[in-house]
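Working through the structure, step by step
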Amino acid sequence: MRSLLMIAGAVALAATTLDVAWGQPPMGTRRESGADRIQRQTYKDALQNSKDFAAKQRASWNQASGTASVRQATPPEHLQRCADAASAKHACTMVTLVRHAKGNTSMAKTLRTIADSLSIGPPTRCLAPADPPAVKLAAWGLYCGLSREEAMGLAEAVDPSVAAARKAKQADKARDADEARLARVRASFKALEEAREREKLELASEKRRTLSECDRGNIASCARFEKIALSPPAVEEKLWWHAIAQQCRMGDYAKCAFGAETARQAGYPKGWMELSEIGCLGGNAEQCATTAAWLVWDAKTVDRGMRMLMQGCSLGDEPSCDKLRESVEDGRGGPCPSLKKEKAVLKKACKAKIAKACFKRCARKAK
């Protein structure tokens, strides 16, 4: 009964201010429309119902107490209590009315009056008289069917510090979210760096293993080392070239041309000539003439050069046949008349219609 009387008193107290705020149209404003009149009449009806309810509750309380002058003891400020369903229904009438009045100065005062008068909580949440008005108004708003945003809007209208606290909480939440996101990014980068370091260590170990196996004659390990040698951490280019040369030496003649050209560009003539000779004798005619042209000029390597030219010419390489004919005429592989094998190769190439292979006679003095 006490909670019912408190709610009724709050309704009656707020009704006076609401009557002033909505009972008459504001002065100096535009002429009200039909919709405005209907809305104003709806508010007036609801207020009248609330006044009637408050009067009945006062009469009922006075009758139960025996006299209107009897005053009951005030409950402790910290005691939490909840309104009953009947009291809550009429309290919700006022809360629903003032939900639309946040921008009206008179209604803001009324809202404050209602918040101060709600000394107990709704049926779903018990509150004490000492609880802040904004807390009580927010609890009643949620109970009365307002959305969370609308209920918080009423609480903020009563106590602006609630809005400031909500914004601060949102800012803290956003900052925490940003920090958590940055922490995840840092953790991802750290994990990536650790994975890269592990990969580098594993790759370095694999390089040592494959190079060792390559030197022992495993051509597959040579191919693997060639592929990973220059990946970070890269090894010296000489070791990379060494793997290519090993493949050429073990019969992969397709690697000979690439290895020879790499050695030539790197200023390593010995390696260039070696791989060119292997490639030539392995069937790559294009590698014969260029390298052999250098070898036939040195008495120590002339036999190797003549052999390369014979190989290239027999494979139909015209530059090799041309160089072989000149070398035979000059007697570089021995006296011209005694170079019967070389002449036989030239004769066969000449019959194959390689014009530069056609040898007629030892026109020059043998050297």
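Everything in this summary refers to the structure shown in the same document. (Residues numbered from 1 in each chain as written. Predicted model: local features only at pLDDT ≥ 70, side-chain atom pairs only at ≥ 80, totals over all residues. Heavy atoms only, no water.)

1. Let's talk about the packing of helix H9 (residues 237-249) against helix H10 (residues 254-265)
The N-to-C vectors of H9 and H10 enclose an angle of 145 degrees; their axes lie 8 Å apart at closest approach. When the axes of H9 and H10 are compared, the crossing they make is left-handed. Between H9, through Trp240, Trp241, Ile244, Gln247 and Cys248, and H10, the contact on the second element is made entirely by Lys255, Cys256, Phe258, Gly259, Thr262 and Ala263. Class assignment of the residues belonging to the contact of H9 with H10 gives a composition of seven nonpolar, three polar and one charged. (Axes fitted to C-alpha atoms, helices over the stretch in contact; angles between N-to-C directions. Helix = DSSP H or I, 4+ residues; strand = E, 2+ residues; numbered from the N terminus. Left-handed = near helix turned anticlockwise from the far one by under 90°. Contact = heavy atoms within 4.5 Å. Nonpolar A, V, L, I, M, F, W, Y, C, P; charged D, E, K, R; others polar.)

2. Points about the pattern of salt bridges
Inspection of the entire model under this criterion finds 14 salt bridges. Salt-bridge contacts for arginine 181 lead to aspartate 178; the nearest nitrogen and oxygen are separated by 2.3 Å. Taken together, the residues span about one helical turn, with arginine 181 and aspartate 178 both in helix H7 (residues 160-215) at a distance of three residues. The partly exposed category is assigned to arginine 181, whose relative accessible area is 42%. (Salt bridge = Lys/Arg side-chain N within 4 Å of Asp/Glu carboxyl O. Buried < 20%, exposed > 50% of the residue type's maximum accessible area, 1.4 Å probe, protein only.)

3. A few points about the side chain of serine 221
The residue serine 221 is located in helix H8 (residues 219-228) in this model. The exposure class of serine 221 is buried, given its relative accessible area of 6%. Only 2.6 Å separates the side chain of serine 221 from the side chain of glutamate 213, close enough to count as a polar contact. The residues touching serine 221, leaving out its near neighbours within four places in the chain, are Thr210, Glu213 and Cys214. (Polar contact = N/O pair within 3.5 Å; in protein donor to acceptor, adjacent residues only side chain to side chain.)

4. With respect to the packing of helix H11 (residues 269-281) against helix H13 (residues 302-314)
At a minimum axis separation of 9 Å, H11 and H13 run at an interaxial angle of 40 degrees. With respect to H13, the element H11 is oriented oblique. Crossing handedness for the pair H11 and H13: left-handed. Along the contact surface, H11 presents Ser276, Glu277, Cys280 and Leu281, while H13 presents Arg304, Arg307, Met308, Gln311 and Gly312. By residue class, the composition of the contact of H11 with H13 is three nonpolar, three polar and three charged. (Parallel < 35°, antiparallel > 145°, perpendicular 65-115°, else oblique.)

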